[in-house]
Amino acid sequence: MKKRSIRLAASLCALSCAAFFAATLGSLVHPPFTSTANAAETPTPLLTDTALLQHGANLAAIGDCVVCHTANRSAPFAGDRPLDTPFGTIYSTNITPDRKTGIGDWTLSDFTRSMRRGVARDGHLLYPAFPYPHFTHMTDTDIAALYVYLMSRDAVQSTAPANRLTFPFSVRPLIAAWNLFFLHPGVEVNGEAPAEPATHDAQLIRGKYLIDGPAHCAACHTPTNLLGAEKRGDAFDGNVIEGWEAPALTTLLSAPEPWTHDQLAAYLRTGFADQHGAAAGPMRAVTQSLTNASDADIDAMATYLLSLQKPAETSRRESSKATQQTAQANMNNIGNGATLFSAACASCHATNAPMTTLGSRPSLALGTAVNAHDPRNALRMILDGIPTDRSTRAAFMPGFADTFTNAQIADLAAYLRSTFSSQPAWTLDEADVERLRKESHEP
Ligand code: HEC
Ligand code: HEC
Ligand code: HEC
């Protein structure tokens, strides 16, 4: 931990020099924003164009704008939601059309600039927790549709609390350096939206556009460097985000049951798929938002995802018969875990459990959590469960954080691993569970 902050400090020193340079250079290239620059352009969104509104609504669903920008369900898009980053807490801002506290006074070009370059209307730089490094790839037409959609929402008066970031991340102008290195601005496209998916190729192109642009899947699924920027060479190789592991999206063919196009589409659209675990943690909110996306776009994303797959690793699927691993794991722990499992989990998870008829609940053996190299998501699942949500079909699992001790949870995990997976035993103890308990997370 210590080592990490020292390295971080060193790279930041280098960065701050670069930032100063970039900020100076930046103000030469792009003169500082003055409010008169856009005086002639007043916000006159086409709020009556239903096709455009629908187009914007679809993109907002794909971009999960409402997920990050809503703290209080009765005030969608009003911001205030705290986002935990390795550098501290950032609050999302109010993007309702309220003129004082939201973006009601923003022109389309103000909005476009924020989406493409991460610059707010008054000229301050926005943190890349706002996924503008992805939104920058959206077409002008799509950004305009989003703008019109947001402007048609209810205005809410609300101002986000101040961010709580550690120094030097609290210094906004440093973002200029970050952008210099890590923002790869999109091409300003004035033309039409990409072609409708008709052929397989068109679907691939559309899927890539959506996944890299508005859907910003890599923001969670790609490993990041010390400054929180995605490592482009390792795209979609998995990352830890908000206390959960966002698994690699390049090894979907190595799952116990290789993912099919239809399973992926179903998972993205509903959070469920035959033969795979349900979406939980931060992925759940993503799928809840994607429920409102068009079927054609979901299909296009599934098609593109499948094109990213590495050849299946048979070793991950075949039982290596090294189930002798259990010998290494403490049989006592597994025994304790088995007792706890039959008391607390079997009603839902045992084969032929009466509750397996409730929704589609595949065997735990098919999910990524118990087969993953890292026990994180299995532990996270036991601690947090899956909260109920009246708006979706039943997938509820109680959290057991308050029911079980750290030792009991570690025993349960050891039992799950030995029973439902042929992968080598996890080495984990109470301290690992305690660490996850304390981590910020998203139930
Ligand atoms: C992962 C979380 C996240 C998602 C998803 C997200 N935003 Fe944001 N957004 C933020 C945060 C955090 C900020 C504030 C950044 C700051 O203050 O530096 C922000 C700021 C903004 C701003 C600048 C507002 C201002 O007051 O300066 C706009 C505009 C915006 N977002 C639009 C959108 C749109 C449109 C979408 C969906 C296409 C979206 N955001 C999706 C986190 C998110
Ligand atoms: C806010 C972070 C976040 C975003 C954005 C996100 N994911 Fe995820 N994703 C996760 C996490 C965390 C998990 C693991 C949760 C679980 O297994 O229940 C996950 C799981 C998945 C899985 C299941 C993988 C498996 O092996 O079981 C797929 C498929 C997936 N995501 C695809 C996507 C796609 C496609 C997008 C973009 C449309 C996306 N994700 C955007 C965080 C995210
Ligand atoms: C009320 C029913 C219920 C109970 C009780 C329950 N679960 Fe679950 N569990 C679910 C549902 C629903 C899911 C999501 C569907 C899925 O992924 O299989 C789930 C998913 C999981 C997963 C993730 C599977 C994956 O790879 O995505 C794990 C691990 C898990 N449960 C472990 C446990 C353990 C351990 C217990 C007991 C301490 C338990 N569950 C108790 C309903 C339940």
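A. Expanded view of the environment of tyrosine 147. Here tyrosine 147 is to be found in helix 6 (residues 140-151). Relative accessible area serves as the criterion here: at 4%, tyrosine 147 is assigned to the buried category. Between the C-alpha atom of tyrosine 147 and that of glycine 56, which follows or precedes it by 91 residues, the distance is 7.4 Å. One polar contact links the side chain of tyrosine 147 to the main-chain carbonyl oxygen of tryptophan 106, over a distance of 2.6 Å.

B. Quick peek at the packing of aromatic side chains. The full count for this structure, using the stated rule, is 11 aromatic pairs. Aromatic pair phenylalanine 77 and tyrosine 149: ring centres 6.1 Å apart, planes at 80°, arrangement edge-to-face. Taken together, the residues phenylalanine 77 in the loop between helix 3 (65-68) and strand 1 (82-85) and tyrosine 149 in helix 6 connect sequence positions 72 residues apart. What makes phenylalanine 77 buried here is its relative accessible area of 6%. Arranged with centres 5.8 Å apart and planes meeting at 50°, the rings of phenylalanine 341 and phenylalanine 420 form a pair that is tilted. Linking phenylalanine 341 in helix 15 (residues 331-344) with phenylalanine 420 in helix 19 (residues 406-420), this pair joins segments that are 79 residues apart in sequence.

C. How the structure looks around the site of ligand 2. Taken together, 22 residues are adjacent to ligand 2, and Cys217, Cys220, His221, Met283 and Thr368 come closest. Taking threonine 368, its side chain carries an N or O atom lying 2.6 Å from an oxygen atom of ligand 2. Among the elements of the structure, helix 9 (218-221), strand 5 (244-246), helix 10 (261-270) and helix 11 (282-290) are those that each provide at least two residues to the shell around ligand 2. Taken together, the residues of the shell around ligand 2 break down into 18 nonpolar, three polar and one charged.

D. Up close: the environment of leucine 150. Its place among the elements puts leucine 150 in helix 6. A C-alpha to C-alpha distance of 8.3 Å links leucine 150 and phenylalanine 77, two positions 73 residues apart in sequence. In this structure, leucine 150 is in contact with Phe77, Ile95, Pro97, Ile103 and Phe111, ignoring residues within four places of it in sequence.

E. Here's a closer look at the pairing of strand 1. In the sheet, strand 1 pairs with strand 2 (residues 88-91) via four bridges, with the strands oriented antiparallel. Paired with aspartate 84 across the strands is threonine 89, a residue of strand 2. Between strand 1 and strand 2, which pair antiparallel and follow one another directly, the connecting turn spans two residues.

F. Highlighting the sheet that holds strand 3 (residues 164-165). Strand order across the open sheet formed by three strands is 1-2-3, with antiparallel pairing between neighbours. Taken across any chain shown, the strands that pair with only one partner, and hence form the sheet edges, are strand 1 and strand 3. With two bridges connecting them, strand 2 and strand 3 associate as antiparallel partners. Residue threonine 89 lies in a different strand from strand 3, and its bridge partner there is arginine 164.

G. Focus on the coordination of the iron atom of ligand 2. Donor atoms from the polypeptide that bind the iron atom of ligand 2 are His221 (NE2) and Met283 (SD), placed at 2.0 to 2.3 Å. Geometry at the iron atom of ligand 2 is octahedral, judged from the six donor atoms that bind it and their angles of 87 to 179° at the metal. With a gap of 62 residues between them, histidine 221 in helix 9 and methionine 283 in helix 11 connect regions that are remote in the sequence. Classification of histidine 221 as buried rests on a relative accessible area of 10%.

What counts, and at which threshold
Numbering of residues starts from 1 in each chain and follows the order in which that chain's sequence is written. Following the order in which they are written, the chains are lettered starting with A and the ligands numbered starting with 1. For a predicted model such as this one, the threshold for reporting local features is a pLDDT of at least 70, and the threshold for listing and counting side-chain atom pairs is 80 or more; totals across whole chains, interfaces and linings nevertheless cover every residue. The side-chain numbers reported here are obtained from all heavy atoms of the structure, hydrogens and water having been left aside. Helix numbers and strand numbers start at the N terminus; a helix is a DSSP run of H or I with at least 4 residues, a strand a run of E with at least 2. Throughout, exposure labels follow a simple rule: accessible area from a 1.4 Å probe, protein chains only, divided by the maximum for the residue type, with under 20% read as buried, over 50% as exposed, and the rest as partly exposed. Two N or O atoms form a polar contact when they lie within 3.5 Å of each other; inside protein one atom must be a possible hydrogen donor and the other a possible acceptor, and for residues adjacent in sequence the pair counts only when both atoms belong to side chains. Planes of paired rings set the category: under 30 degrees apart is stacked, over 60 is edge-to-face and the rest tilted, where pairs are Phe, Tyr or Trp rings (Trp by its six-membered ring) whose centres lie within 6.5 Å. Summary of the distance rule: residues count as near a molecule or strand when at least one heavy atom falls within 4 Å of that molecule or strand. Under this grouping Gly is polar, as are all residues other than the nonpolar Ala, Val, Leu, Ile, Met, Phe, Trp, Tyr, Cys and Pro and the charged Asp, Glu, Lys and Arg. Contacts between residues were defined by any pair of non-hydrogen atoms, one from each residue, lying within 4.5 Å. Paired strands, in this sense, are two strands between which DSSP finds at least two bridges. Donor criterion used throughout: N, O or S atom within 2.8 Å of the metal, extended to 3.2 Å for Na, K and Ca. Water excluded; incomplete-looking sites may result. A site with four donors is called tetrahedral when every donor-metal-donor angle falls between 85 and 135 degrees; four donors are called square planar, and six octahedral, when opposite donors sit more than 155 degrees apart and all other angles fall between 65 and 115; any other arrangement is irregular.

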